Amino acid sequence: MKTLSRTSGALLLGSLFFVCSCKTPLAPPEAQQAEVLDQALWRSGASFYAQENYVQFKQSLKSAKEKIAREKAKFGWFRDYEPIRAEFRELLQNGEDLLAKVEGLKSSKSKYYSEQAAALSARIERLKQMTDYFNENGPVRKSLAQAEIKLSEAGLLLQKEQFESMGNYLSDSMTFIRQAEQAMMDVLSRYMDRKELEKWRRWADETIVESKAKETIAILVNKLERKLTLYKKGVAVGSYDIGLGKYGLSDKLYSGDEATPEGRYHIIRKIPSSPFYKALLINYPNEEDQKAFALAKNKGLVPAETGIGGYIEIHGGGKDNLTKGCIGLNDRDMDEIYRQAEVGTAVTIVGAVSVENTILADIKKFEKNG
Amino acid sequence: MKGLTKNLVLVLAIAVVLTGCKQPTQLIDDAKAAIEDVTKAGADKYAADDLQKLNTDLTAALDEVNAQDKKFLKKFGTAKEMLTKLKTDVDALKAALPAKIEAAKNAAIQLQTEAKAAIDEAKALLAKAPKGKGTAKDIEAMKAELTGAETAFAEIQTALDAQDYIGAADKAKSIKEKAAAVTSQIQAAIEKKK
């Protein structure tokens, strides 16, 4: 009995030693890494950018986790995580690849939309430069400001990687850019009309020919080029930069439209002391202007109780001043012109004279792009 | 007789084990519905990270349910605990969500006020700007740009009314930026004139 007790005790001790010396294997760390990777994939927007692959990843993760759970349910000594570990390693590799794919996709989308935004921004800048040049600021600059605001909103969405919404804002920005271009084209389209150009060229040619034939001084104003050229006996003797009004590129129709008239005029009065330094008053409205005004009035194109206007001058005060329809010059240039011009001197105001003009070429390109 | 009693106890015990180990379907349905509710309430916009955590917890609880379901002796205790905790967390987020939305709304309104102030500042400066030689054209352009900013300003209120507070905040930031740019241009024009 005593021997039996000793044997039992030894067996018990041996068993205890065996149990204590056998370690229960720990769950693989890759399982936790896979969870972290899953979070990273979610954050990166994998469910949106690579839905199919992400669903596959999630299913594989679920299956691997189930295997871990099954293994955990076993008695400690019988757990073997090695095959599952291998599965997790493969899963991690696939997940990393998927993350790289999603990041790559996002990066290319980001690049694409950034380029689109940069192109729109450049287009806005170009239009702004044109408005500066043509003094067409009203509706054009308003639309451009709205386009810029939409573009800025798109930029904020780019930072948040909300590319689809960003696309909508870029499209809105484009709509405003087109509105601006249309507003500009409404004014500038006349400058591409061949008939108009031929008429202006004829007026210019006739003025120069008359100056030569009559051996007189003549003034030719080119609105698009913003130039006043002084002719003496048919030869250009001086060229001066000029400024026009807010709607200077339009043909004057009525009082207060702030447009500069186009036509063949002459100086009717020399004003040595004017609020704008010195001035040369021309005979606007001439007969043609009166006919055009009457026609427009009949068609209802002129506001009620509005007259045809007058007092169109070539004056000093600076070419950078915005006139109300007159032609502004720097005082030093005005001195020169005032000195040479006489009452009766021909003043021809044209929109443009050359279709090959670089500005016109720019407008054409601009219209094509629009 | 003694054997019969033993067998009866065994059968009863098995019945208790089997009937007591049903899937916690009601808890699952409740948790799913609660997450859906909180998502609809705006958690996807205003508490995206919290919502993601809840979805992950739900997935983990469902995994636990499925794992137990495959066993002969099912123990849904852990799953029930997970689902109950999840429900508590969803309720906590639901309770916190109005404050988060309110904070986003207040931030958007604050930015709207700042955008308005920026426009007003630009307008006031524009009124003082010298419209003489060299600045008249620039001022005309800036006036038109401010009109554009003012037109866009109305969109902030539209977004606020539609409860799109993040969109409203973005609009306000952009308008404020534009108005500030116009102010800088006016200041530059004034400097040019000096």
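What counts, and where the lines are drawn
- Residues numbered from 1 in each chain as written.
- Chains lettered and ligands numbered in written order.
- Predicted model: local features only at pLDDT ≥ 70, side-chain atom pairs only at ≥ 80, totals over all residues.
- Heavy atoms only, no water.
- Helix = DSSP H or I, 4+ residues; strand = E, 2+ residues; numbered from the N terminus.
- Buried < 20%, exposed > 50% of the residue type's maximum accessible area, 1.4 Å probe, protein only.
- Contact = heavy atoms within 4.5 Å.
- Axes fitted to C-alpha atoms, helices over the stretch in contact; angles between N-to-C directions.
- Parallel < 35°, antiparallel > 145°, perpendicular 65-115°, else oblique.
- Left-handed = near helix turned anticlockwise from the far one by under 90°.
- Nonpolar A, V, L, I, M, F, W, Y, C, P; charged D, E, K, R; others polar.
- Polar contact = N/O pair within 3.5 Å; in protein donor to acceptor, adjacent residues only side chain to side chain.
- Pairing = 2+ DSSP bridges.
- pLDDT = per-residue confidence, 0-100.

> Is there a simple way to explain the overall build of chain B in this structure?
On a plain count of helices and strands, chain B comes out with 6 helices and 0 strands. Of the regular secondary structure in chain B, the N- to C-terminal order runs α-α-α-α-α-α. In chain B, which comprises 194 residues, the share counted as buried stands at 38%. Sequence-distant contacts in chain B: of pairs separated by 6 or more residues, those separated by 24 or more amount to 75%.

> Help me out: how do you make sense of the packing of helix α2 (residues 29-44) of chain A against helix α3 (residues 48-69) of chain B in this one?
Relative orientation and spacing of two packed helices are given, respectively, by the angle between their axes and the distance between those axes. At their nearest, the axes of α2(A) and α3(B) sit 12 Å apart, and the two run at 135 degrees to each other. When the axes of α2(A) and α3(B) are compared, the pair comes out oblique. You can see that α2(A) and α3(B) cross each other, and the crossing is right-handed. Of the residues in α3(B), those touching α2(A) at A:Gln39, A:Trp42 and A:Arg43 are B:Ala48, B:Asp49, B:Gln52 and B:Thr56. Among the residues making up the contact of α2(A) with α3(B), the classes are represented as 2 nonpolar, 3 polar and 2 charged.

> Please explain the environment of A:Tyr284 as it appears in this structure.
Residue and element names in this part refer to chain A. Looking at where Tyr284 falls in the secondary structure, it is placed in the loop between β5 (277-282) and α9 (287-298). Tyr284 gets classed as buried once you look at its relative accessible area, which sits at 5%. For Tyr284 and Arg264, which are 20 residues apart along the polypeptide, the C-alpha to C-alpha distance reads 9.3 Å. In this structure, Tyr284 is in contact with Lys252, Leu253, Tyr254, Pro261, Tyr265, Asp289, Ile308, Gly309, Gly310 and Ile312, ignoring residues within four places of it in sequence. A polar atom in the side chain of Tyr284 sits 3.0 Å from the backbone oxygen of Ile308.

> What exactly am I supposed to notice about the pairing of β5(A) here?
Residues and elements named next belong to chain A. Burial of β5 is extensive: 5 of the 6 residues sit out of reach of the surface. Hairpin connection from strand β4 (residues 263-274) to β5: 2 residues lie between these consecutive antiparallel strands. Two strands pair when backbone bridges link them, and β5 and strand β6 (residues 313-315) are joined in this way by 3 bridges, in the antiparallel orientation. Residue pairing in the sheet places Leu280 in a bridge with Ile314 of β6.

> Teacher, can you tell me more about the side chain of B:Gln112 here?
Residue and element names in this part refer to chain B. Along the chain, Gln112 turns up in helix α4 (residues 77-128). Within the structure, Gln112 has its side chain in polar contact with the side chain of Gln157 (distance 2.9 Å). Once residues within four sequence positions are removed from consideration, Gln112 is found in contact with Phe153, Ile156, Gln157, Leu160 and Ala172.

> Before we go on, may I ask you to explain the confidence of the model for chain A in this structure?
Parts of the prediction with low pLDDT should not have their coordinates interpreted in detail. Residues and elements named next belong to chain A. Mean pLDDT over chain A works out to 87, with 89% of the residues at or above the 70 mark. No element of chain A has a lower mean pLDDT than helix α1 (residues 2-21), at 54, and none a higher one than strand β8 (residues 346-350), at 97. For the stretch residues 16-22, pLDDT sits under 50, and the model shows 3 contacts to residues farther than four places along the chain or on other chains.

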